Amino acid sequence: MIETLGELVVSLLIVAGSGFTLVGSIGLVKLPDLMTRLHAPTKATTAGVGGVLLASMIHVVVRSGEVSAHELLIALFLFLTAPISAHFLAKAYLHLHGDRERNFPRTCNGRAWTVFDEAGEELPREDRPQPPPRV
Amino acid sequence: MIGYALAFGFAAISVALLLNLWRLATGPTVIDRLLAADTIVTNLIALIILYGIRQMTSTYFEAALLFAMFGVISTITYCRFMLRGDVLE
């Protein structure tokens, strides 16, 4: 009984995870612009790989009764580094193809966005917006 | 039951890899190709894990972990090269 339930959970997680991965790649092909295209792999594919890793962990527990932590390592690593690589990809895209006249929101330190920042255009210290006082 | 789910998983991830390859081949910008390569690495991790479930062994987790680490490191390094023209300044 408990084995059948475990197999059912593992199968559902495998199907859901690989479906999310497929949706991420479909979005990578079909979305129109790189800044929208960036959403599909960074969310859907990461969630799909997380589902497959969870399925693998539960499979090991159901099969042999031991707890496996390798997959947790991979999942932690992926979930930590996927936003970092997406941030770097967006920054490199802005650096290469972004137009500066686009209506970005203002930064709060008196300088431009770090991608478009030129050296030596920093405001003097007293003109900068001050950080809120510490309580 | 796990067998059918694994068959579906292999098929879905293979189709996803083909779609990534299409984006890698026809991506209009360099960053598109880089994003496709990053997604290929992530899909390969899922494929390795599925193969590990199918073979009922834990031999392949280190391979998946190495794929994860080097995929992220290569993506960030190439983006840094695009941004700065150099990797280590």
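Structure report, in brief.

About the thresholds
Residues numbered from 1 in each chain as written. Chains lettered and ligands numbered in written order. Predicted model: local features only at pLDDT ≥ 70, side-chain atom pairs only at ≥ 80, totals over all residues. Heavy atoms only, no water. Helix = DSSP H or I, 4+ residues; strand = E, 2+ residues; numbered from the N terminus. Buried < 20%, exposed > 50% of the residue type's maximum accessible area, 1.4 Å probe, protein only. Contact = heavy atoms within 4.5 Å. Areas by Shrake-Rupley, 256 points an atom, 1.4 Å probe, with all protein chains shown as cover. Buried area = accessible area lost by both parts, 1.4 Å probe. Salt bridge = Lys/Arg side-chain N within 4 Å of Asp/Glu carboxyl O. Axes fitted to C-alpha atoms, helices over the stretch in contact; angles between N-to-C directions. Parallel < 35°, antiparallel > 145°, perpendicular 65-115°, else oblique. Left-handed = near helix turned anticlockwise from the far one by under 90°. Nonpolar A, V, L, I, M, F, W, Y, C, P; charged D, E, K, R; others polar. Core = buried A, V, L, I, M, F, W, Y, C linked by side-chain atoms within 4.5 Å. Expected span 1.5 Å × (residues − 1).

This part takes up the overall build of chain B. Within chain B, the regular secondary structure consists of three helices and zero strands. Of the regular secondary structure in chain B, the N- to C-terminal order runs α-α-α. In chain B, which comprises 89 residues, the share counted as buried stands at 45%. Contacts in chain B between residues at least 24 apart in sequence constitute 46% of all its contacts with a sequence separation of at least 6. When the accessible surface of chain B is totalled, it reaches about 4500 Å², and 70% of it is carbon and sulfur.

Across the contact, 44 residues belong to chain B and 45 residues belong to chain A. The largest contributions to the chain B side of the interface with chain A come from Met-1, Leu-35 and Leu-83 of chain B, which together make up 15% of the buried area. Here chain B is connected to chain A by one salt bridge. Residues Arg-37 of chain A and Asp-32 of chain B are paired through a salt bridge, measuring 2.3 Å at the closest nitrogen-oxygen approach.

For the rest of this paragraph, the subject is the packing of helix H4 (residues 70–97) of chain A against helix H3 (residues 61–84) of chain B. Between H4 of chain A and H3 of chain B, the least distance of the axes is 9 Å, while the angle of their chain directions is 15 degrees. Comparing the axis directions of H4 of chain A and H3 of chain B gives the class roughly parallel. Considering the relative orientation of H4 of chain A and H3 of chain B, their crossing is left-handed. Split into classes, the residues belonging to the contact of H4 of chain A with H3 of chain B amount to 18 nonpolar, five polar and three charged.

Residue placement: Ala-7 of chain B occurs in helix H1 (residues 2–26). Along the chain, Ala-7 of chain B and Leu-50 of chain B lie 43 residues apart, while their C-alpha atoms are 9.6 Å from each other.

Another aspect to go through is the nonpolar core. Nonpolar side chains in soluble globular proteins tend to end up buried together. Ile-14 of chain A together with Leu-6, Ile-45, Ile-49 and Leu-50 of chain B are the most contacted members of the largest nonpolar core, which totals 25 residues. Looking at which element gives the most residues to this core, the answer is helix H2 (residues 30–55) of chain B, with seven residues. Counting residues in hydrophobic clusters, the runner-up holds 15 residues, among them Leu-28, Ala-92 and Tyr-93 of chain A together with Leu-83 of chain B.

Attention now goes to the environment of Gly-27 of chain B. Residue and element names in this part refer to chain B. With respect to the helices and strands, Gly-27 occurs in the loop between H1 and H2. It is 23 Å that separates the C-alpha atoms of Gly-27 and Ala-46, two residues lying 19 residues apart in sequence. Contact partners of Gly-27, with chain neighbours within four places excluded, come to Asp-32 and Arg-33.

With that settled, the discussion passes to H3 of chain B. Taking 1.5 Å per residue, 24 residues should reach 34 Å; H3 of chain B reaches 34 Å between its end C-alpha atoms and fits that length. Residues of H3 of chain B that are buried sit in contact with helix H3 (39–64) and H4 of chain A together with H2 of chain B. Following H3 of chain B by one or two positions, Gly-85 of chain B adopts a phi angle in the positive range, close to 80 degrees.

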